[in-house]
There are 4 protein chains.
Amino acid sequence: MPSTKHAAVMRDFNKPLVLEEIPAKSASEEEVLVRVGGTGICRTDLQMIDGYFQEYAPVKPPVVPGHEIAGWVEEIGSSVPEGIVEKGNLVVVSGGWGCGLCPYCKRGDDQICPNGRWPGFIGYNGGYSEFVSVPYRYLIKIDEKYKLKPEEIAPLTDAGLTTYRAVKKAKHNLGPGKSIGILGMGGLGHFAIQYAKILSSGSTILAFDRNDDKLDFAKQNGADHVINIRGKKSEDIRDEVNKATGRKEIDVVIDCIGAEEVIPMGFSLLAVGGTYVSSGLVGTQVKIPLFPFVAREYQYFGSFWGNYNDLREVMELAKKGSIISRVQKFSLSKVNDALDQLREGKILGRGVLIP
Amino acid sequence: MPSTKHAAVMRDFNKPLVLEEIPAKSASEEEVLVRVGGTGICRTDLQMIDGYFQEYAPVKPPVVPGHEIAGWVEEIGSSVPEGIVEKGNLVVVSGGWGCGLCPYCKRGDDQICPNGRWPGFIGYNGGYSEFVSVPYRYLIKIDEKYKLKPEEIAPLTDAGLTTYRAVKKAKHNLGPGKSIGILGMGGLGHFAIQYAKILSSGSTILAFDRNDDKLDFAKQNGADHVINIRGKKSEDIRDEVNKATGRKEIDVVIDCIGAEEVIPMGFSLLAVGGTYVSSGLVGTQVKIPLFPFVAREYQYFGSFWGNYNDLREVMELAKKGSIISRVQKFSLSKVNDALDQLREGKILGRGVLIP
Amino acid sequence: MPSTKHAAVMRDFNKPLVLEEIPAKSASEEEVLVRVGGTGICRTDLQMIDGYFQEYAPVKPPVVPGHEIAGWVEEIGSSVPEGIVEKGNLVVVSGGWGCGLCPYCKRGDDQICPNGRWPGFIGYNGGYSEFVSVPYRYLIKIDEKYKLKPEEIAPLTDAGLTTYRAVKKAKHNLGPGKSIGILGMGGLGHFAIQYAKILSSGSTILAFDRNDDKLDFAKQNGADHVINIRGKKSEDIRDEVNKATGRKEIDVVIDCIGAEEVIPMGFSLLAVGGTYVSSGLVGTQVKIPLFPFVAREYQYFGSFWGNYNDLREVMELAKKGSIISRVQKFSLSKVNDALDQLREGKILGRGVLIP
Amino acid sequence: MPSTKHAAVMRDFNKPLVLEEIPAKSASEEEVLVRVGGTGICRTDLQMIDGYFQEYAPVKPPVVPGHEIAGWVEEIGSSVPEGIVEKGNLVVVSGGWGCGLCPYCKRGDDQICPNGRWPGFIGYNGGYSEFVSVPYRYLIKIDEKYKLKPEEIAPLTDAGLTTYRAVKKAKHNLGPGKSIGILGMGGLGHFAIQYAKILSSGSTILAFDRNDDKLDFAKQNGADHVINIRGKKSEDIRDEVNKATGRKEIDVVIDCIGAEEVIPMGFSLLAVGGTYVSSGLVGTQVKIPLFPFVAREYQYFGSFWGNYNDLREVMELAKKGSIISRVQKFSLSKVNDALDQLREGKILGRGVLIP
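Notes on the structure follow.

Rules used in this analysis
Residues numbered from 1 in each chain as written. Chains lettered and ligands numbered in written order. Predicted model: local features only at pLDDT ≥ 70, side-chain atom pairs only at ≥ 80, totals over all residues. Heavy atoms only, no water. Least-squares fit on C-alpha atoms with pLDDT ≥ 70 in both. Pairing = 2+ DSSP bridges. Helix = DSSP H or I, 4+ residues; strand = E, 2+ residues; numbered from the N terminus. Axes fitted to C-alpha atoms, helices over the stretch in contact; angles between N-to-C directions. Contact = heavy atoms within 4.5 Å. Buried area = accessible area lost by both parts, 1.4 Å probe. Salt bridge = Lys/Arg side-chain N within 4 Å of Asp/Glu carboxyl O. Polar contact = N/O pair within 3.5 Å; in protein donor to acceptor, adjacent residues only side chain to side chain. Parallel < 35°, antiparallel > 145°, perpendicular 65-115°, else oblique. Nonpolar A, V, L, I, M, F, W, Y, C, P; charged D, E, K, R; others polar.

Describing the relation of the copies chain C and chain D
Stage number 1. Between chain C and chain D, which share one sequence, the superposing operator has a rotation angle of 180 degrees and an axial displacement of 0.0 Å; the RMSD is 0.0 Å. Between the two chains, the operation in question is that of a two-fold axis.

With respect to the sheet that holds strand β8 (residues 179–183) of chain D
Stage number 1. Here we have twelve strands laid out as an open sheet, ordered β10(C)-β9(C)-β8(C)-β11(C)-β12(C)-β14(C)-β14(D)-β12(D)-β11(D)-β8(D)-β9(D)-β10(D), and mixed in their pairing. Both outer strands of the open sheet, β10 (225–228) of chain C together with β10 (225–228) of chain D, are each paired with one neighbouring strand and no more. The average undirected angle you get between the axes of adjacent strands in this sheet is 15 degrees.
Stage number 2. As paired strands, β8(D) and strand β9 (residues 204–209) of chain D are joined by five bridges and run parallel to one another. The residue bridging L183(D) from the neighbouring strand is F208(D), located in β9(D).
Stage number 3. Helix α7 (residues 234–245) of chain D rests against β9, β10 and β11 (250–255) of chain D of the sheet, and its axis sits at about 145 degrees to β9(D).

Remarks on the sheet that holds strand β8 (residues 179–183) of chain B
Stage number 1. Taken in spatial order, the twelve strands line up as β10(A)-β9(A)-β8(A)-β11(A)-β12(A)-β14(A)-β14(B)-β12(B)-β11(B)-β8(B)-β9(B)-β10(B) in an open sheet, and their pairing is mixed. Edge strands, defined here as strands with exactly one partner in the open sheet, are β10 (225–228) of chain A together with β10 (225–228) of chain B. On average, each strand axis in the sheet is tilted by 15 degrees relative to the strand beside it, whichever way the strands run.
Stage number 2. Bridge count for strand β11 (residues 250–255) of chain A against strand β12 (residues 270–278) of chain A is five bridges, and the pairing is parallel. If you follow V252(A) over to β12(A), its bridge partner there is T275(A).

Topic: the relation of the copies chain A and chain D
Stage number 1. Mapping chain A onto chain D leaves a residual RMSD of 0.0 Å; the transformation is a rotation of 180 degrees accompanied by 0.0 Å of translation along its axis.
Stage number 2. A share of 100% of the interface residues of chain A reappears at the interface of chain D, consistent with the copies meeting face to face through the same patch.

A closer look at the interface of chain C and chain D
Stage number 1. Of the residues lining the interface, 39 residues belong to chain C; the matching set on chain D comes to 38 residues.
Stage number 2. Of the roughly 3,400 Å² buried at the junction of chain C and chain D (both faces included), carbon and sulfur atoms supply 68%.
Stage number 3. Counting the surface chain C buries against chain D, the share from its top three residues, L290(C), F291(C) and E297(C), is 23%.
Stage number 4. Where chain C touches chain D, the interface holds four salt bridges.
Stage number 5. Between the two partners, chain C and chain D, sit 15 residue pairs in polar contact (both at pLDDT 80 or more).
Stage number 6. Breaking the side of chain C that touches chain D down by element, the ones donating at least two residues are β12 (270–278), β13 (285–289), α9 (290–295) and β14 (299–302) of chain C.

Focus: the side chain of D158(C)
Stage number 1. Structurally, D158(C) can be placed in the loop between α3 (150–153) and α4 (159–168).
Stage number 2. Sequence-distant contacts of D158(C), defined by excluding residues within four places in its chain, comprise C42(C), T44(C), H67(C), E68(C), T163(C), W305(C) and R350(C).

Points about the environment of V92(C)
Residues and elements named next belong to chain C.
Stage number 1. Examined against the element boundaries, V92 turns out to sit in strand β5 (residues 90–93).
Stage number 2. With 84 residues separating them along the chain, V92 and P176 place their C-alpha atoms 34 Å apart.
Stage number 3. Residues contacting V92, with those up to four places away along its chain left out, are I69, A70, Y138, L139, I140, I153, T157, L311 and M315.

Points about the packing of helix α3 (residues 159–168) of chain A against helix α9 (residues 308–320) of chain A
All names here are of chain A.
Stage number 1. Interhelical geometry of α3 versus α9 gives an angle of 105 degrees and a closest axis separation of 10 Å. Taken together, α3 and α9 sit at an angle that is classed as roughly perpendicular. In contact with G160, L161, Y164, R165 and K168 of α3, α9 contributes D310, L311, E313, V314 and L317.
Stage number 2. Split into classes, the residues belonging to the contact of α3 with α9 amount to five nonpolar, one polar and four charged.

Below, the structure written as structure tokens:
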């Protein structure tokens, strides 16, 4: 291992990242040093740089962003039990690291541990870097025989994980005769539409976006119907849903956007007893009417990232070739370009940094 | 049966009800004629008169309000199967009447049937009257031996049913070490606090209201802690929760108010993974911050009235004496006084009309 | 309607059925008279004739068997609400008819109502007949546009329904990385394997039978792996499971056989935390070891037929062409031949009578 | 810490334990050394000595038995994070220790980890000893202010935990109008009856045993009705259930015995849709009739010990004084006497060794 590593560092909010050489650390006791093969560029990285999270989870620069990480084992800490990983193994990183003892961690939901650390945000440097250190309990090893590439599987550790968990939360309300709509076909949504196909037990699947290219991808990867919502009002969209499915309403809506104006539109599509899952975080407020929420017995779930078992299940799908990452690659030196393109909605699928 | 009956009729929105003699109808085929023993006065009766529901479920005057009905069997329709009820039996009425064939009805949730009728609102006259006709499938017979009185059990068919269903929806998130808070100790909340005791599997129970008399009732009927929230900000209330329980947060909040400013306050009390159930309908909008909803994985359920099995379970508790109705009685001729008192928040527990 | 109808009647236990002309009845109040288009021949018809059920649910001859019924509306009773069905409509019959008021019926599970009637067994004549009377609440109308034939959809009302419900009961334990095994590829199992594909959220699917022809059908209709168990011991079968999937164990087993020696074999395949569902009824006893049941936290569900909503969901799959009935047709006059072939295990898929 | 400790050692199967002085070990990296304050004497200790588990989980003598452990922190390993425990803290031990990475461990169910270790059985010495070493992730600290004693809380880590988990598994089938029966009022059952009271949401509670003294304890600690089953047949017991509750059947049966003749008796009491939970392990076989299991849609769950969160919840109840241990104390030197008394059914509640 070299004594330094290249990394893209957030030195300040609202500024471009800075490319630096920073000291490389060896793997400490329970950690494994991972040579990064690919790191997904997430909208939340942008939001961190923009200060979005400061009210709730104060980030303190300098930070090396990047929480969607795949790579190869480089060094193994002294207390890592034998047989877990070997040097050279391809691994992905489960991102939310918990205290290990609270009721959330003890049920496996480390990603919502109130005392947790999130690599790339708080407590640990992330994957916009040549090497990262990861506690061995948060690694999943991927056998070589599956021929998976880091740039394909890195986005599965957040975009492809968050949406998996989101769709799973609605499974109880899916099945033959039911319908599920995915709002937004971007970095998150292009995965969600594929999970809808796999997890919805024969439901009818609808994709909503404002970009026809993204809707084409959806059509080819699971959507029974696609609806371009650019400039349309809720009532128009309900009419298009009706034209497509014979009902104006949808049983499950997975919101991969989270914009303030999208949320009430999404709820306006919901059938009696319907389920709405918010995983997108573009906006800051939920504003919806109370009476239908109560009288139609809506269920509304927040869904955040995913836990280790969720990621294990996602990787099982990846191994089978059941889930496809639409990826645009960038070298580490182009990180600020990539972030700009993401901000402008120009990336199709997920951008991935290759350090 | 006399050829006419007394009833209080809503002739127009935003006007006092009119006391009238209207023709009495015999029980038709599948119906049972019930001599009303007591009818609860619900805030939704007020809201109907005020036009609150017009946007969603258009009511057309004249209407005889009243959907919390207990009474005695007077006449039995010709197609009612033998052995269901006999003349003189004490019965309560399950209020939401569905089409019987849609997926909601076929799972027992007639009260959310999109093609349903609600006696006292739409499709059928209600219990502000000496007699009401009820399809036999919506009656529950109460054996004499339990010595229950119509005025005690009438409020259990909505106030005491809505809150039962609301607390039940949160049971998966309750148990030893968890806490549940009930917002509002009025017509709904004074029941909810009792269900919290019965259904929460050893959770810590908190009652929130602005009226000390109502909080006293709560303290005597299930609350481990009571907090008067009059004039207090969310942060203060969190501090009081902390003083009472050792944590600033609560795992489950049952909102029996639904006022626009109460909802974000209620959410501000919610622990990670917490469950919020809206059953109160005082306001019209939900406005809450998106990021904690997603990142803390909140669950938010609308809960509406209750179904036949819910009511059966409530009546089982009533038979055992496990659930107490706090009741203020009014004669039918005092109906407008009673509605005024309700509007002013002066009724302790539930007002009940005795025709 | 003619004044008589042809029917195959069980005049006595353990005897061939007798072809008779019996008086045809008009549709009474809430009933619809259905001209039978096809009736599935179920193993439970055989078992009824053999006296299998007498210990639990005494059948009293004469009985017209047949509970898997599809046909066309012939006459509509006077109290059937308008708009439900019209003469000539294709319909299927939901088979378990309940009291309508007990807790099971009120949650939609009429098929397990303790006071229920089962057409073709107890209380009502069945579909081995030209016409049957059915309460309108137990009919599902199938639009002409789907071009479905009675002989294809009749078996979906029991064989294709029982297995749907059985697989649904295990959904909580299925998903990527999990596996599901179906025991028996006969009348029940050839449907179960198809549901496994639709409902298992990406699980690996295994079919077990002693007949290679039936396993071929399974391979073409959902099974990832097929294992011929003829003459093999549990340990051998575990080895074959291992060869196929890389694990010796299976997370979910759906037993479409129920033979006494099959049940412990099936349990021996079950992984820790595994789910076993019994829907087959060939044998009479369950004999399994207690310690692994407890220490490995097995879950064991009995699953019986299906309810109206289950059948609605099955019909949604049929309309989409997602579920295929493998059918062998027999005229009503060949009913005893058909029963003999079933007894000898010679029917591939389901036998259907065409009256 | 002294250089040796006293312990009771199983040197061979089917022999009395041997009291020995064995070398005392210091706490290694992630471990905490606990000075034992009390260790429950479990029927499974007897069964281990008798060779009961050899078929499934081979135990290799010498073993120091004892898996129900409470005590005080004596030494803290060098890698235990700060703030978890301090010397002198009262702690209980969560007994099933998993690999930490498999799907069971990652959802918190370490006690069913296929690669797990069970202190007192396999992999680690247990609490029939002055000191035990415990990985810090399996400790729960109990604040002094609750004034709990080791001998009271030790039995809560298995007898009081196993039954908690068992009753929890049936919660979905409990509530007003339902009933729950506990079979056996011994070491397990005397806890189960208390949990039935706390967790059953207003169900009617029945206790079954052959010993009137044990039934008296049940009557005082949660049972609405007690039935002495000595020498009675299933039909008689059903009649007594009917006399007590007005129904011959029970919705939930928790089996704290597991004897071969008790299981079919328990199932004969079960209502349609009923839930049976096996936690007792006296016998080796389950033999029950298949038809009612299927046609009445029974649910049957194995329940094994409990996980960390379960134990946390049990300790919350203990802190509130909601759960009472009936305890008989024995000094370590009397261990063989205590085991003999247990074998003869003479211990009321739980025997506890005080080293």
